[in-house]
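# Coordinate inspection notes
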Amino acid sequence: MALDSRIPQGPLADKWTRHKNEINLVNPANKRLIDVIVVGTGLAGGSAAATLAELGYNVKAFCFQDSPRRAHSIAAQGGINAAKNYQGDGDSTYRLFYDTVKGGDYRSREANVYRLAEVSTNIIDQCVAQGVPFARDYGGLLDNRSFGGVLVSRTFYAKGQTGQQLLLGAYSAMNRQIGRGKIKMFTRHEMLDVVIVDGKARGIIARNLVTGEIERHSAHAVVLGTGGYGNAFYLSTYAMGSNVTAAWKAHKRGAYFANPCYTQIHPTCIPVSGDHQSKLTLMSESLRNDGRIWVPKHKKDVEAIRDGSLKPTQLAEEDRDYYLERRYPAFGNLVPRDVASRAAKERCDEGYGVNKTGEAVYLDFASAFMRYGKEQAHVKGLDENDEALVKKLGQEIVKNKYGNLFQMYEKIVDQNPYETPMMIYPAVHYTMGGIWVDYNLMTTVPGLYAIGEANFSDHGANRLGASALMQGLADGYFVLPYTIGDYLADDIRTGPISTDSKEFDEAERNVTETIDKLINNNGTKSVDHFHKRLGKIMWNKCGMARNEKDLKEAITEIAALRAEFWKDVLIPGGADEYNEELAKAGRVADFLELGELFAKDALVREESAGGHFREEYQTPEGEAMRRKEFQFVSAWEYKGEPKDAVLHKEDLAYENIKVKERSYK
Amino acid sequence: MNLTLKIWRQKSAKDKGKIVDYTMSDVSPDMSFLEMLDVLNQELIDKGEEPIAFDHDCREGICGMCSMFVNGQAHGPDRAITVCQLHMRSFKDGDTIYIEPWRAKAFPVIKDLIVDRSSFDRIQHAGGFISVNTSGNTQDANAIPINKHDADAAFDAATCIGCGACVASCKNSSAMLFVSAKVSQFALLPQGQVEATDRVMNMVKQMDAEGFGNCTNTGACEVECPKGISLENIARMNREYLKASFKG
Ligand SMILES: Cc1cc2nc3c(=O)[nH]c(=O)nc-3n(C[C@H](O)[C@H](O)[C@H](O)COP(=O)(O)OP(=O)(O)OC[C@H]3O[C@@H](n4cnc5c(N)ncnc54)[C@H](O)[C@@H]3O)c2cc1C
Ligand code: SF4
Ligand code: FES
């Protein structure tokens, strides 16, 4: 099948307006006759469910947590971008579009990104109207801050809990519709297959995680807002339940999977402390606004710090290497994530890492305390030369901005970051790859849509900070609810879809057979045993830097591990009860297939772009080297084993931006 | 360190539960409490036994999913954190630790340490929202300036993670702290004013219908709340409720 991205004709700035004017609409009276399933109630799924219900469709929404309010989006810390230009610093729709395409290393789709920038301003208005308590200045107006990869202040935030507040906004919009009976909410339910009837997505098979019951749900269209698959690495900043299952099952039913190898490694996470570790915790990137990143200049100081004989605060200014400020004077500590992550790895690989394992760099707030403190002392008419006072005042300001993050750090590491610099290291954080979608956010399966982190289209090879929340809400509130009408307009006479058909039978059988196999396997090793081993392969061979040899090994090793999993996995308990191990086993089984496709995709892409860094393709200074002939989206078609997947290419045309070398110097 | 764990095991809502003893050795002080349970679970699975079921997801104190009593305290001994943020360095070698689920009529046990908190959601369905369309045709966000003090107070109320520790810690199983947090957030913002009366009446009505008890101002909720949601919210909600009752 040829890929048709269905990008509307006409000038970039008019495409979305024109498209909205031209696509089919469904008459309000007819919307009542149409059912839509939304899987996932994070920012993308939650906002979509609420809006679809408000438009008049009958919505059934699903999530595996006990409440939609607990979707992984809740954890987002830093903020959400919007081209409001409230700060008057030269921001505009075009500039947000430009930064995003450049930040994504020219591997995202121009038309989608422009639309994202265009609707970004509406998102803020919408959320404020819903009562989302964004940070405000003393004049009562909205406050902004700046994030990596940009030179303007366009990030709206609610302390370090922006995701929480935005998700609670979407949740409240959903609650209103649930109260009205327009959304039927299925919590603690896991979608395990998509049902295709006459080539169209017409329903899902879900498992009630409490009773173990397998359920059939039908609809005229199915929307997946099921998040990213970074947990394939086992250790990551994702919530424990985040998984690829829904996306992978859709892939197996015909949805192409795009750019699986594009994974964002976030530069500011709390380093790994030991083997028992179950997850990694992010320290929001917004900290880079005020924190300076450094390692010692000299190896002898590194050793002294590691053995505890030297405190980082004792090291003289001239003995510190502020390597980001040194290498990238224009952006300094605010370079994009891929650049900052690789730079940290480079220093640590050279032996300058500051913790016991040598995998940590410092994020230091000492100068921010003084800078803010001086300003405060001045404002309050106090002694600007009283260092202790200035420091204390400055710490208050920093506490106001990032207090919860500092608290979180202290709890985990058992060190006070107000007194000693934080230690950070890169960790898997976000997946730019996902289900391939066209401009309408429809997958290659008619009637099956993918939104938010589950799709691939807007971030290219690297996602700039504060843009995932923006994309999730843009898709859910403002894009999908319109574009889906174009498809559903043909369904006003279809009537309810029966779940009593051979297609539902077959899909249900597929699900129960897999569950039976897992439950009756009588192996000897736990699910986590396999997950951890997969994670090690992924991190060592498909992680921050990749090469041909490692990737080839990863492909063979993952396939072998998968075979071993199916032979030897052990799942206690039964299928018809609450069984967390069974749920996990299904997710890991899918990661074991995705992981191989991931490595295969990375192997094919003989270039470095954003979150994909092939060691063979770098400039003499160690910067990523893109290659013109790889200016395409790789979209994989399922053909059985991942090794048989077939590659389709969507060429990316940049008509409104000149593709330049991506430099932050 | 070596520990003795006394953990509530209950196969399902219908079964009767009981405390079962487990011993653990080599627990690292750097582990989180949930990671310690993970290690125990791996040992159980290796022996072919069923692992201990507990709710968790983000493991960084924000989703509100993890929920258990540790030595009789919601989320364990430390203040202002969830149990996923509790680290084993808070315990000593040789300690005995009791681990039990939330106890409240409105939170029935599902399995082991997992309880059903959907009653919280139903209270939100009854009024936890501002009735605005999600069309994006709203006025410019800066056209509604909000005094920083109010915005910050609304934010503080909005940080409730819906964990239910307040209910579980209250001798009456009252949900007042949780409900008042949402009522306060909207009461402090200009956007939510129009329907303030209906909101508070409907939420309180649903709260009662779910079987939560009354508030007798003991304050255990505030002490055990991982997000420091303040009792002032309950006072504000009472004022809102009184106002609404007069309007009738
Ligand atoms: C610590 C952290 C901080 C972040 N900070 C920021 C930030 O400051 N700014 C920013 O822009 N982005 C940030 N991000 C990224 C951003 O939070 C996510 O990309 C975004 O929230 C994803 O939203 P989503 O709606 O696509 O998916 P999610 O929020 O992950 O939601 C997935 C939903 O799908 C459901 N689901 C999944 N599979 C199934 C299934 N099989 N059956 C049923 N339901 C299923 C889940 O229950 C859930 O409801 C951060 C991410 C992390 C981890
Ligand atoms: S008020 Fe506190 S204890 Fe109660 S649900 Fe909210 S966060 Fe949890
Ligand atoms: S697991 Fe999310 S708050 Fe503890």
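Here is a short report on the structure shown in this document. Since the model is a prediction, treat every value here as computed from it, not as a measurement. (Residues numbered from 1 in each chain as written. Chains lettered and ligands numbered in written order. Predicted model: local features only at pLDDT ≥ 70, side-chain atom pairs only at ≥ 80, totals over all residues. Heavy atoms only, no water.)

### Structural notes on the overall build of chain A
To be explicit about the condition: Going along the chain from the N terminus, every DSSP run of H or I of four or more residues is numbered as a helix, and every run of E of two or more is numbered as a strand. Here's how the labels work: a residue is buried when its accessible area is under 20% of the maximum for its type, exposed when over 50%, partly exposed in between, all with a 1.4 Å probe on protein chains only. Whether two residues touch is decided by their heavy atoms; if any such pair falls within 4.5 Å, the residues are in contact.
A tally of helices and strands in chain A yields 17 helices and 19 strands. Across its three principal directions, the C-alpha atoms of chain A cover 80 × 60 × 50 Å. For chain A, the proportion of its 665 residues judged to be buried stands at 66%. Taking the intrachain contacts of chain A between residues at least 6 apart in sequence as the baseline, contacts between residues at least 24 apart amount to 74%.

### Digging into the overall build of chain B
Counted only if it meets this: Exposure was quantified through the Shrake-Rupley algorithm and a 1.4 Å probe, taking into account, for residues, occlusion by the shown protein chains and nothing else. Only four residue types enter the charge count: Lys and Arg as positive, Asp and Glu as negative, with His and the chain ends excluded. In this description, the location of a charge corresponds to atom NZ of lysine, CZ of arginine, CG of aspartate or CD of glutamate.
Summing up its helical and strand segments, chain B has 8 helices and 7 strands in all. Judged by the C-alpha coordinates and their principal axes, chain B covers about 60 × 35 × 35 Å. When each of the 248 residues of chain B is scored for burial, the buried share is 60%. Sequence-distant contacts in chain B: of pairs separated by 6 or more residues, those separated by 24 or more amount to 69%. A total accessible area of about 9,700 Å² is found for chain B, and carbon and sulfur atoms account for 50% of it. Treating the 26 positive side-chain charges of chain B as one cloud and the 32 negative ones as another, the clouds have centres 6 Å apart.

### Some words on the site of ligand 2
All names here are of chain B. Inclusion rule: We call a residue near a molecule or strand as soon as one heavy atom of that residue lies within 4 Å of the molecule or strand. For this classification, the nonpolar set comprises Ala, Val, Leu, Ile, Met, Phe, Trp, Tyr, Cys and Pro, the charged set comprises Asp, Glu, Lys and Arg, and every other residue, Gly included, is treated as polar.
Neighbouring ligand 2 are 13 residues; Cys160, Cys163, Gly164, Cys166 and Cys225 lie closest to it. Of all the elements in the fold, those that place two or more residues in the shell around ligand 2 are α4 (165-169) and α5 (176-187). Partitioned by chemical class, the residues of the shell around ligand 2 number 11 nonpolar, 2 polar and no charged.

### Some points on the pattern of salt bridges
Rules: When a carboxyl oxygen of Asp or Glu lies within 4 Å of a side-chain nitrogen of Lys or Arg, that pair is called a salt bridge.
Applying the stated criterion across every chain, the model contains 75 salt bridges over all chains. Between glutamate 553 of chain A and lysine 541 of chain A there is a salt bridge whose closest N-O contact spans 2.8 Å. Taken together, the residues span a long stretch of sequence, with glutamate 553 of chain A in helix α16 (residues 548-568) and lysine 541 of chain A in helix α15 (residues 527-542) at a distance of 12 residues. According to the relative accessible area criterion, lysine 541 of chain A is buried, its value standing at 16%. Salt bridges sharing common partners tie together Asp66, Arg70 and Arg188 of chain A together with Asp55 and Arg117 of chain B.

### A closer look at the interface of chain B and chain A
Which entries qualify depends on this criterion: Reported buried area values correspond to the accessible surface (1.4 Å probe) lost by two parts on association, with both partners' losses combined. Counting of polar contacts relies on pairs of N or O atoms within 3.5 Å, with two restrictions inside protein: one atom must be capable of donating a hydrogen and the other of accepting it, and residues adjacent in sequence are counted only when both atoms are side-chain atoms.
Each partner contributes to the interface: chain B provides 71 residues, whereas chain A provides 77 residues. On the chain B side of the contact with chain A, Glu60, Thr134 and Phe155 of chain B bury the most area, a combined 12% of that side's loss. The tally of links from chain B across to chain A stands at 8 salt bridges. Aspartate 66 of chain A serves as the salt-bridge partner of arginine 117 of chain B, at 3.4 Å between the closest nitrogen and oxygen. Linking chain B with chain A are 41 residue pairs in polar contact (both at pLDDT 80 or more). Of all the secondary-structure elements, those providing two or more residues to the side of chain B that touches chain A are α1 (33-46), β6 (109-111), β7 (114-115), α2 (118-127), α3 (148-158) and α5 of chain B. Top contributing element to the side of chain B that touches chain A by residue count: α3 of chain B, with 6 residues. For the side of chain B that touches chain A, a count of residues per class yields 29 nonpolar, 22 polar and 20 charged.

### Examining the site of ligand 1
Lining the immediate surroundings of ligand 1 are 38 residues, of which Gln65, Ser73, Gly78, Met191 and Glu453 of chain A lie closest. Chain contributions to the surroundings of ligand 1 come from chains A and B. The separation between an oxygen atom of ligand 1 and a polar main-chain atom of leucine 43 of chain A is 3.1 Å. A distance of 2.5 Å separates an oxygen atom of ligand 1 from a polar atom in the side chain of serine 73 of chain A. Here ligand 1, which alone exposes 1,000 Å², has 98% of that area covered by the protein. Put simply, the parts of the chain that give the shell around ligand 1 at least two residues each are α3 (43-55), β6 (189-197), β15 (422-431) and α13 (468-488) of chain A. Here the shell around ligand 1 gets 3 residues from one element, more than from any other, and that element is β6 of chain A. Residue classes in the shell around ligand 1 are distributed as 16 nonpolar, 18 polar and 4 charged.

### Topic: the packing of helix α6 (residues 196-209) of chain B against helix α8 (residues 232-247) of chain B
Residue and element names in this part refer to chain B. Condition: Inter-axis angles, ranging from 0 to 180 degrees, are taken between N-to-C directions of lines fitted to C-alpha atoms, where helices are fitted over the stretch in contact. Convention used here: angles under 35 degrees read as roughly parallel, angles over 145 as roughly antiparallel, angles from 65 to 115 as roughly perpendicular, and any remaining angle as oblique.
Running from N to C, α6 and α8 cross one another at 110°; their axes reach a closest spacing of 9 Å. Here α6 is positioned roughly perpendicular relative to α8, judged by the angle of their axes. Contact residues: α6 offers Ala196, Thr197, Val200, Met201, Val204 and Met207, while α8 offers Met237, Glu240, Tyr241, Ala244, Ser245 and Lys247. When its residues are assigned to classes, the contact of α6 with α8 shows 8 nonpolar, 2 polar and 2 charged.

### Considerations on the sheet that holds strand β8 (residues 214-218) of chain A
Residues and elements named next belong to chain A. Basically, it comes down to this: Any two strands with at least two DSSP-identified bridges between them are counted as paired.
Strand order in the open sheet made by the 3 strands is β6-β7-β8, with antiparallel pairing throughout. Of all strands in the sheet, those bounded by a partner on one side alone are β6 and β8. Between one strand axis and the next, the sheet turns through 25° on average, direction left out of account. Here β6 runs beside strand β7 (residues 200-208); their pairing, made up of 8 bridges, is antiparallel. The residue of β7 that forms the bridge with glutamate 190 is arginine 207. Where helix α14 (residues 502-519) meets the sheet, it contacts β6, β7 and β8, and its direction lies at approximately 140° from that of β6.

### Thoughts on helix α4 (residues 93-103) of chain A
All names here are of chain A. Every buried residue of α4 is listed here: Leu96, Phe97, Asp99, Thr100, Val101, Lys102 and Gly103. Check the buried side of α4 and you find it contacts β3 (80-81), α5 (110-129) and α13. Among the residues trailing α4, aspartate 105 stands out with phi positive, at a value near 60°.

### Things to note about the packing of aromatic side chains
Residue and element names in this part refer to chain A. In plain terms, the rule: Aromatic contacts are taken between Phe, Tyr and Trp rings whose centres are within 6.5 Å, Trp giving its six-membered ring; a plane angle under 30 degrees counts as stacked, one over 60 as edge-to-face, and the others as tilted.
The full count for this structure, using the stated rule, is 30 aromatic pairs over all chains. A centroid spacing of 4.7 Å and a plane angle of 10° characterise the contact between phenylalanine 62 and phenylalanine 186, whose relative ring orientation is stacked. You can see phenylalanine 62 sitting in strand β2 (residues 58-62) and its partner phenylalanine 186 sitting in strand β5 (residues 183-186), a full 124 residues away along the chain. Across this residue pair, the class does not change: phenylalanine 62 and phenylalanine 186 are buried. Members of the aromatic cluster, connected to one another through ring pairs, are Phe365, Phe369, Tyr402, Phe406 and Tyr418.

### Description of the sheet that holds strand β3 (residues 69-70) of chain B
Spatial ordering of the open sheet is given by β2-β1-β5-β3-β4 (chain B), a layout of 5 strands whose pairing is mixed. Across the chains shown, the open sheet's two edge strands, defined by having one partner strand only, are β2 (18-24) and β4 (73-74) of chain B.

### Side note on unusual backbone geometry
For asparagine 85 of chain A, which is not glycine, the phi torsion reads 55° and is therefore positive. Tracing the chain through its elements places asparagine 85 of chain A in the loop between β3 and α4. Accessibility expressed as a relative area gives 31% for asparagine 85 of chain A, which makes it partly exposed. One non-glycine residue, arginine 59 of chain B, lies in the positive phi region at around 55°. Here arginine 59 of chain B lies in the loop between α1 and β3. Taking relative accessible area as the criterion, arginine 59 of chain B reaches 7% and is therefore assigned buried.

### Some words on the environment of glutamine 206 of chain B
Residue and element names in this part refer to chain B. Position of glutamine 206 relative to the elements: it lies in helix α6. Taking relative accessible area as the criterion, glutamine 206 reaches 24% and is therefore assigned partly exposed. As for glutamine 206 and isoleucine 123, which are separated by 83 residues in sequence, their C-alpha atoms are 5.5 Å apart. Discounting residues that sit within four places of it in the chain, glutamine 206 has contacts with Arg122, Ile123 and Ala126. Polar side-chain contacts of glutamine 206 include one of 2.8 Å to the side chain of glutamate 210.

### Considerations on the nonpolar core
Convention followed: The set of buried Ala, Val, Leu, Ile, Met, Phe, Trp, Tyr and Cys residues whose side-chain atoms join them within 4.5 Å is what this entry labels a nonpolar core.
Counting residues in hydrophobic clusters, the biggest one holds 205 residues, and the most contacted among them are Ile80, Phe134 and Ile484 of chain A. Those residues in contact with phenylalanine 134 of chain A that lie beyond four places of it in its chain are Ile80, Ile124, Cys127, Val128, Leu142, Phe156, Tyr157, Ala158, Thr162 and Leu166 of chain A. Phe120, Ile161, Val179 and Val204 of chain B belong to the second largest nonpolar core, which has 35 residues in total.

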